[in-house]
Amino acid sequence: MAAMNTPTALLRALPALLAVSLWSAAPAWAQRFVVSPGPEFVVGDPVGIVLDGLPPNGELRIEARRTVVEWQTGRPRAYRSEARFRADAAGRVDLASAAPLPGGSYEGVDLRGLFWSQVPAPEGTPVAQPGRVQLEARSADGARTLATQELVLRPARTDIASRDAAPFPGARLFVGPGPEGLRRPALIVLGGSEGGTRILRDGPVWASRGYAVLALPYYSPPGWGPNGPTPAELPALPPAFADIPVERLEQAREWLAQQPEVDGKRIGVMGTSKGAEFALLAGTKMPWIRAIVAMVPTDVVWEGWGPGVVPGTRSSFAWKGEPFPFVPYKDFDKEFAGFQTGADVKIRRPQDAGRAANPGRVPGARIPVERIAAPVLVIGGHDDQVWDSGGMAEAIVATRSAAGLVTEAVIDRQAGHFLGGTGWNPTTQYNAGPSKSGGTPAADARTQARAWAATVAFLQRHLADAKP
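Residues numbered from 1 in each chain as written. Predicted model: local features only at pLDDT ≥ 70, side-chain atom pairs only at ≥ 80, totals over all residues. Heavy atoms only, no water.

A.B. asks: A description of the sheet that holds strand β5 (residues 76–86) should follow, citing residues and the corresponding values.
C.D. replies: The strand order across the open sheet built from six strands is β2-β9-β8-β4-β5-β7, with neighbouring strands paired in mixed fashion. The open sheet has two edge strands, β2 (40–42) and β7 (119–120), and neither has a second partner. Where strand β4 (residues 59–69) meets β5, eleven bridges bridge the pair, whose relative direction is antiparallel. Bridging across to β5, R61 finds its partner in R84. (Pairing = 2+ DSSP bridges. Helix = DSSP H or I, 4+ residues; strand = E, 2+ residues; numbered from the N terminus.)

What follows is the structure, given as structure tokens:
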């Protein structure tokens, strides 16, 4: 290597030499992560994450590692992300305001960027306890560890109590702490076509926000395991998604009104996907519902399906034994053949095709959302490949706005179907399998964060703060 013996060469080398000098003296800067209010927090609560004590304008990298229990397999897997930053003039990197340098796991200013952008680490990477994220700051060349921090991300408070909602198979009531005699606003949460008890995961989340939450399964299909078909999780519930009785929520209301923790005059409903279809239909029939959150919704009733159901003959929902008019699918079996052939499966295609092939059935199957007296919040994505939740959410907003009804919306052109969450969990694997949900990881995480904040505020205004 040639010696640097000219003033010009020395000047050119000064920035690199200065950086080496700064990081070689790094212990004097006392680098540390500052997490406020603390390193253990409920996701969705306000939090700040700052790396402090850095050389002014110094470059560094931050790696985030965690263990994710993958929903597709149920097994734990190590995930990681990394981004490079330049400290500001005060020697700080604030994740809420600092944009990473090019070439990392995410782009743009995003407090949650190191979290949602994580991807699976190589097979065999050791796994740690789920729910914990390890942050490690290193020098720009990766040679020195500057600071480490463990974060504990909890989906809900640890003091949430729950009990069986005895009249309803698989259902549970979740309640947070409070003085004896406190009657809380109630929230009924409804899951989608996955069925079974998965919706119970949402109970502690919203109980942590001050609601008495009834997580209500209403359908339980047979499953599929490594050795083939498995029995339904809840055999007392319908195994087919056909003629689901919407009046079930009337029974839920009566039961909730008898619970000592519940204010029976303030009950809202939150539904996701097919659960949103359920919630909106209920709103057209039940004036006692005080607020509705429709996550990735539909504006029409769709065909039913499942064991013993002849395609094109049954509705998804019924009211007191009378099926709702529905829009049939087209080439549903052809789409599902992708699970055997390896082709992408996009459930939206047979629904869009069915709607286009049956224009005369759409008006009768439309959910008359203008009859819902309660305020409604809709959340959707235009790139949703399960169904067109973005377009259908916009149709709901247009109909209700024309009727002068309170309607709020979070709709993103690049987002897909999986929009429930807070934007803190990895979104990078939503389209990893044969079944595609649509959306980009960044758009899904962004919309989750927006939708979470909008839902918290919406329920506060129209349910928690509402007069009994």
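Structure's up, so let's keep going.
A.B. asks: Account for the sheet that holds strand β19 (residues 317–319), naming residues and giving values.
C.D. replies: A sheet is described by the order of its strands in space; here three strands give the open sequence β16-β19-β20, paired in mixed fashion. Both edges of this open sheet fall to β16 (244–245) and β20 (322–323), since each of them pairs with a single strand only. Where β19 and β20 come together, two bridges link them in antiparallel fashion. Counterpart to A318 in the pairing with β20 is P323. Its contacts with the sheet place helix α5 (residues 274–285) against β16 and β19, and it is angled at close to 15° to β19. (Contact = heavy atoms within 4.5 Å. Axes fitted to C-alpha atoms, helices over the stretch in contact; angles between N-to-C directions.)

A.B. asks: Quick rundown of the pairing of strand β8 (residues 132–139)? Include the residues and the values.
C.D. replies: Both β4 and β8 contribute to a ladder of seven bridges, which runs antiparallel. Of the residues in β8, the one forming a bridge with L60 is S139. By the bridge criterion, seven bridges tie β8 to strand β9 (residues 145–154) in an arrangement that is antiparallel. Paired with A137 across the two strands is A147, which belongs to β9. Taking the residues that link successive antiparallel strands as the turn, the β8-β9 hairpin has five residues, and the phi of G142 there is positive, at about 80°.

A.B. asks: I'd like a rundown of the nonpolar core, residues and numbers included.
C.D. replies: Grouped together as the largest cluster of nonpolar side chains are 48 residues, with contacts concentrated most on I188, L214 and L249. Sequence-distant contacts of L249, defined by excluding residues within four places in its chain, comprise I188, L190, L216, V269, F278, A282, M286 and W288. Within the second largest apolar cluster, 31 residues are counted, among which are F41, V47, F85 and L111. (Core = buried A, V, L, I, M, F, W, Y, C linked by side-chain atoms within 4.5 Å. Buried < 20%, exposed > 50% of the residue type's maximum accessible area, 1.4 Å probe, protein only.)

A.B. asks: Account for the pairing of strand β11 (residues 172–175), naming residues and giving values.
C.D. replies: Sheet topology note: the strand β10 (residues 161–164)/β11 ladder contains four bridges and is antiparallel. Each residue of the ladder has a partner; that of R163, found in β11, is L173. Judged from the three bridges that link them, β11 and strand β13 (residues 212–215) form a sheet pairing that is antiparallel. Pairing of F174 across the sheet is with V213, part of β13.

A.B. asks: How would you summarise the pattern of salt bridges if you had to cite specific residues and measurements?
C.D. replies: Evaluation of the coordinates by the stated rule reveals 27 salt bridges. Residue R77 is joined to E123 by a salt bridge in which the shortest nitrogen-to-oxygen separation is 3.5 Å. Of this pair, R77 sits in strand β5 while E123 sits in the loop between β7 and β8, and the two are 46 residues apart along the sequence. E261 is the salt-bridge partner of R163, the closest N and O atoms lying 2.8 Å from each other. Linking R163 in strand β10 with E261 in the loop between α4 (248–257) and β17 (262–272), this pair joins segments that are 98 residues apart in sequence. (Salt bridge = Lys/Arg side-chain N within 4 Å of Asp/Glu carboxyl O.)

So yeah, pure geometry; function would need other evidence.
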